[in-house]
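Reading the structure
Residues per chain, in single letters:
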Amino acid sequence: MAALSIYLAALVVGMTAAYFKFLYRRRREGEPPLVPGNFLLGSGAEFAQHAVKFLHKCKKTYGDIFTIRLLNQHVTIVMDPHSYENMTKERRFDFDPIQRQVNHNVFNFELVDARKMLSEAGKKVNGRHLHGGMKNFSDNLRNAFDKVTNLDVNGNVVKTVGEQWGHDGLRTLTSKTIFAALFYTIFGHGESQGEFEPQMFHKSFDVFHKYFNYMWLGLPAKLFPKATKALQVLCQQPSSEDMLMREGVSEYIKFATGFMKDNAQSEQDIIGHNLVFLHVNYNTFRLAFWCLYKLLENKKAHAALAEEIREFVEDKRALTTGQKVEILMEEFDKLPLLDSFIKETLRITSGVFMVRYIAEDTDFTLESGGTYRCRQGDRVATYPPAIHMDPEIYEDPEEFKYDRFVDAKFYKNGQELKHPIIAFGSLCPGKKYSLLQTKWFLMNLINSFEMELLDGESTIPDVNFYGHEILPPVHDVQVRYRLLENSHELDLVSKRSC
Ligand code: HEM
């Protein structure tokens with residue numbers, strides 16, 4: 001009995017000490033207001049329930065900057081959208097520890113000389129590399145479209161054209177088309193290797209992503225056996241040597257693999273990095289899903305976009321001699337409605353948390369006024385979805401307005417916003433590539449397909465996934481689709497051949 005009492009007393013003392021060391025916080029002079037939270041979770045539960053509502057409520061009470069606690073991490077939230085640029089430029093607000101946290105906690109690897117690798121690799125999806133990447137992507141997408149219009153859901157040969165409709169879940173269909181195209185554009189084609197194919201990877205990613213936020217925050221992967229099992233499937237990849245031999249493997253993967261090998265990184269590290277790269281590209285798949293869904297849900301938007309694309313294709317066809325309509329990347333990138341439609345989709349479905357580690361105590365001055373001391377070891381963050389849903393910036397923010405961004409400017413406190421949409425943060429090197437891929441996907445789909453939601457089908461973004469770059473839907477929706485007769489195949493060409 002005495003032993004039990006001593007044990008319990010020691011436990012209480014230990015837990016109290018741990019609480020004061022890791023969770024308790026007293027606001028120091030000059031620091032932003034501290035939002036009170038649950039003794040154990042901090043504001044974790046409220047944030048997880050509906051981050052945007054929670055942050056809007058905090059802003060009303062505490063103003064443009066305040067500190068919350070998520071489990072054991074204190075995060076200073078900057079709500080003033082005009083201060084976004086200052087935040088990204090402050091050198092003591094460091095992204096590298098965050099990137100390391102994701103690599104280590106979620107994908108189980110370390111990246112040696114990460115900053116150099118990421119900045120060099122980022123060039124492989126920009127500038128002159130964009131054309132090559134987009135050409136591969138468009139070929140892979142064409143193959144994927146051919147598959148879904150020639151095979152039914154059971155794999156039987158059937159051409160979905162004329163009277164013949166194909167049926168599928170919209171998310172599944174998006175996965176079979178754009179996700180498959182992204183997968184092959186990244187990893188190229190090679191001999192069949194068991195699980196290493198897009199649909200198997202997609203299925204495993206879906207499971208894995210459910211636990212992403214918990215693992216990112218540092219909860220041990222062992223707590224999530226389903227995620228561990230999915231990760232085992234995702235790790236079944238060709239060796240780095242075999243990967244480099246695959247036909248059409250991306251410049252990004254070639255460079256990254258070479259760089260990691262030069263740094264004597266292990267095969268397991270290379271596999272982990274391949275997964276991170278597929279994971280960032282997965283956002284393009286999610287964005288494409290939402291674009292398609294919003295198109296099918298909004299008949300007016302669908303008709304307006306179809307008209308813009310029809311006119312564009314007709315103009316290009318008049319200049320083309322062959323069967324296919326030749327299109328330059330620079331041209332389809334500039335279609336105003338298509339561009340606005342995608343931005344509006346990003347506004348509504350982006351869930352990203354833009355976080356930096358505070359390397360030293362930093363006096364941070366807000367554009368809206370006031371200087372606040374941000375504490376070393378905490379995180380500082382801006383939360384784009386809270387800005388994207390701000391009624392002072394966007395009229396009727398809950399409403400989807402496909403032409404909202406056509407020749408539009410947005411203001412907060414009378415000052416124009418430099419970055420109204422910040423779904424890609426300041427560091428994403430894949431922004432341009434991803435937007436081009438999404439535009440090409442949509443343009444081809446609208447040009448060549450008829451597609452409808454089945455009666456009564458609808459879905460919404462799943463706010464339980466706030467923190468993910470693009471939110472997934474709460475569930476899939478059923479659609480039917482078929483090829484349009486008399487549509488003209490679009491051919492992506494580079495300047496020289498056009
Ligand atoms: C809809 C698509 C995408 C969205 C919404 C998105 C969003 C983001 C965001 C929010 C970040 C963190 C940036 C920051 O905190 O400043 C990021 C980082 C990153 N993204 Fe993307 N991304 C997308 C597609 C892509 C693609 C297609 C690629 C590659 C081709 C890519 C490569 C990366 C990389 C490598 C980083 C880490 C950058 C670094 O550590 O310096 N992303 N992305």
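Model, not experiment: these values are computed from the prediction.

Within the element layout of this structure, Thr-174 appears in helix H7 (residues 170–187). In this structure, the C-alpha to C-alpha distance between Thr-174 and Trp-290, residues 116 residues apart in sequence, is 9.7 Å. For Thr-174, the residues in contact, after removing those within four places along its chain, are Phe-179, Phe-285, Ala-288, Phe-289, Leu-292 and Phe-441. Within the local environment of Thr-174, its side chain forms a polar contact with the backbone oxygen of Leu-170, the two atoms lying 2.5 Å apart.

In this section: the packing of helix H14 (residues 299–318) against helix H16 (residues 336–349). In contact at an axis separation of 8 Å, H14 and H16 are set at 140° when each is read in the N-to-C sense. Relative to H16, H14 is oriented oblique. Only Pro-336, Leu-337, Leu-338 and Phe-341 of H16 make contact with H14, whose side of the interface consists of Ala-301, Ala-304, Leu-305 and Glu-308.

Here we come to the coordination of the iron atom of the ligand. Among all protein atoms, only Cys-428 (SG) binds the iron atom of the ligand, sitting 2.3 Å from it. Positionally, Cys-428 belongs in the loop between strand E11 (415–416) and helix H18 (431–448).

Turning our eyes to something else, we now look at the domain arrangement of the protein. Parsing the protein into structural domains produces domain 1 (25–110 + 355–389) and domain 2 (113–193 + 238–352 + 423–498). For domain 1 versus domain 2, the separation of C-alpha centres amounts to 32 Å. Listed as interface residues are 20 residues of domain 1 and, on the opposing side, 25 residues of domain 2. Buried surface at the junction of domain 1 and domain 2, both sides included, amounts to about 1,700 Å², of which 58% is carbon and sulfur. Three residues stand out in domain 1 for area buried against domain 2, namely Phe-107, Phe-109 and His-388, and they jointly supply 32% of the buried area on that side. Along the contact surface separating domain 1 from domain 2 lie one salt bridge. Linking Asp-96 and Arg-115 is a salt bridge whose minimum nitrogen-to-oxygen distance equals 2.6 Å. Taken together, the connections running from domain 1 to domain 2 amount to seven residue pairs in polar contact (both at pLDDT 80 or more). When residues of the side of domain 1 that touches domain 2 are traced back to their parent elements, those giving at least two are helix H2 (44–62), helix H3 (84–89), helix H4 (96–105) and helix H17 (384–388). When residues of the side of domain 1 that touches domain 2 are assigned to their parent elements, the largest contribution, five residues, is made by H2.

What counts and what doesn't
Residues numbered from 1 in each chain as written. Predicted model: local features only at pLDDT ≥ 70, side-chain atom pairs only at ≥ 80, totals over all residues. Heavy atoms only, no water. Helix = DSSP H or I, 4+ residues; strand = E, 2+ residues; numbered from the N terminus. Contact = heavy atoms within 4.5 Å. Polar contact = N/O pair within 3.5 Å; in protein donor to acceptor, adjacent residues only side chain to side chain. Axes fitted to C-alpha atoms, helices over the stretch in contact; angles between N-to-C directions. Parallel < 35°, antiparallel > 145°, perpendicular 65-115°, else oblique. Donors = N, O, S within 2.8 Å, 3.2 Å for Na, K, Ca; no water. Domains from an automatic or database assignment. Buried area = accessible area lost by both parts, 1.4 Å probe. Salt bridge = Lys/Arg side-chain N within 4 Å of Asp/Glu carboxyl O.

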